[in-house]
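Listed below, chain by chain, are the residues.
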Amino acid sequence: MTERADASTPDSVDRHVALWSGELDRMDPVKEAIFARLAVLARHADRARRDTLLSGGLQRGQFKILLMLRRLGPPYEASPSQLADMLGLTRGALSARLGPIEDVGLITRSAGTADRRRVRVRLTAAGYEAFERHAASEDEGENALLAVLSPAERQTLAGLLRKLVVAAETGSDGISPSPYRPRRSRSDAT
């Protein structure tokens, strides 16, 4: 049986900080521990998302298209130019991504009814289901990681991280504002 982790269980970051504390007098060990742990968790989350996508037969760029269409709500459709703008892609790059997911039946492209020159990209029932499977699998992994925290600890962590994100996004306290936005299924995935 695996021992349940707590805040006093040493981790790889503790070893990293101990090593560098002896080498860098100017290093703030608490700050280093915070940013190193954020980096470890970001890599873990990124790897888990990539593995989840690959197990479902999708590439990240393909999933983002399903994500954008799903976010739009019924009827889960947009023009190619709207999708390209939402994803920050050129029309050619978007077209290259649309082909393979259309070929496997996750989206359809069809001419508009009023103007046959206008193309609409629509999420199919299979595409909707592929998105839902991926989101459910991603939720399972995230819930497993967060299981070591109590509900109160989760709320505290979310609040502290919000404080940092607000500072980063607004440029408060002398921080240069960041244009970065989250990239995940339930947020502003660009």
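Basis of the calculations
Residues numbered from 1 in each chain as written. Predicted model: local features only at pLDDT ≥ 70, side-chain atom pairs only at ≥ 80, totals over all residues. Heavy atoms only, no water. Salt bridge = Lys/Arg side-chain N within 4 Å of Asp/Glu carboxyl O. Helix = DSSP H or I, 4+ residues; strand = E, 2+ residues; numbered from the N terminus. Buried < 20%, exposed > 50% of the residue type's maximum accessible area, 1.4 Å probe, protein only. Core = buried A, V, L, I, M, F, W, Y, C linked by side-chain atoms within 4.5 Å. Contact = heavy atoms within 4.5 Å. Axes fitted to C-alpha atoms, helices over the stretch in contact; angles between N-to-C directions. Parallel < 35°, antiparallel > 145°, perpendicular 65-115°, else oblique. Nonpolar A, V, L, I, M, F, W, Y, C, P; charged D, E, K, R; others polar. Phe/Tyr/Trp six-rings, centres within 6.5 Å; stacked < 30°, edge-to-face > 60°. Patch = residues over 30% accessible without salt bridge, like charges linked within 9 Å, V, L, I, M, F, W, Y side chains within 5 Å. Areas by Shrake-Rupley, 256 points an atom, 1.4 Å probe, with all protein chains shown as cover.

Asker: Before we go on, may I ask you to explain the pattern of salt bridges in this structure?
Answerer: Between side chains of opposite charge, a pair can form as their charged atoms come close. Taken as a whole and judged by the stated rule, the model has 11 salt bridges. Measuring nitrogen to oxygen at the nearest pair gives 3.5 Å for the salt bridge that ties Glu138 to Arg49. Taken together, the residues span a long stretch of sequence, with Glu138 in helix 6 (residues 125–146) and Arg49 in helix 2 (residues 29–55) at a distance of 89 residues. Here Asp85 makes a salt bridge to Arg91, at a shortest N to O gap of 3.3 Å. A residue is classified by how much of its surface remains accessible, and Asp85, at 54% relative accessible area, is exposed. The partly exposed category is assigned to Arg91, whose relative accessible area is 44%.

Asker: Explanation requested: the nonpolar core in the structure shown.
Answerer: A general tendency of soluble globular proteins is for nonpolar side chains to be buried together. Grouped together as the largest cluster of nonpolar side chains are 24 residues, with contacts concentrated most on Ile65, Leu66, Leu69, Leu83, Leu94, Leu98 and Ile107. Taken together, the elements giving at least two residues each to this core come down to helix 3 (60–71), helix 4 (80–87), helix 5 (91–103), strand 3 (119–123) and helix 6. Per element, the largest residue contribution to this core is 6 residues, and it comes from helix 3. Among residues more than four places away in sequence, those in contact with Leu66 are Leu58, Ile101, Leu106, Ile107, Leu123, Gly127, Ala130 and Phe131. Counting 5 residues, the second-largest nonpolar core is a separate cluster that includes Val13, Val17, Met27 and Ala36.

Asker: Looking at this structure, how should I read the packing of helix 3 against helix 4?
Answerer: The axes of two packed helices give the description: the angle between them and the distance between them. Orientation of helix 3 relative to helix 4, taken along the N-to-C sense of each, is 110°, at an axis distance of 11 Å. When the axes of helix 3 and helix 4 are compared, the pair comes out roughly perpendicular. Packed against helix 3, whose contacting residues are Lys64, Ile65, Met68 and Leu69, the element helix 4 presents Leu83, Met86 and Leu87 at the interface. Along the lines of polarity and charge, the residues of the contact of helix 3 with helix 4 split into 6 nonpolar, no polar and 1 charged.

Asker: Help me out: how do you make sense of the packing of aromatic side chains in this one?
Answerer: Given two aromatic rings, their pairing is described by the distance between the two centres and the angle made by the two planes. Applying the stated rule across the entire model yields 2 aromatic pairs. Summarising the aromatic geometry, the rings of Phe63 and Phe131 are spaced 5.5 Å apart at their centres and angled 5° between planes, so their arrangement reads as stacked. Note that Phe63 is positioned in helix 3 and Phe131 in helix 6, a separation of 68 residues in sequence. You'll find Phe63 and Phe131 in the same group, each marked buried. Ring geometry for Tyr76 and Tyr128: centres 5.5 Å apart, planes at 55°, overall tilted. On the criterion of sequence distance, the pair formed by Tyr76 in the loop between helix 3 and strand 1 (77–78) and Tyr128 in helix 6 is long-range, its members being 52 residues apart.

Asker: Any chance you could explain unusual backbone geometry here in plain terms?
Answerer: Note on backbone geometry: most residues besides glycine have negative phi, and most peptide bonds are trans. A cis amide bond links Pro74 to the next residue, Pro75, at an omega of 5°. Among the structural elements, Pro75 can be located in the loop between helix 3 and strand 1.

Asker: Explain a nonpolar patch on the surface here, please?
Answerer: Together, Val30, Ile34, Phe35, Leu38, Leu146, Leu157, Leu161 and Leu164 line one region of the surface with nonpolar side chains, adding up to about 690 Å² of accessible area. Every element with two or more residues in the nonpolar patch is listed here: helix 2 and helix 7 (151–170). Top element by residues in the nonpolar patch is helix 2. It accounts for 4 residues. Secondary-structure assignment places Val30 in helix 2.

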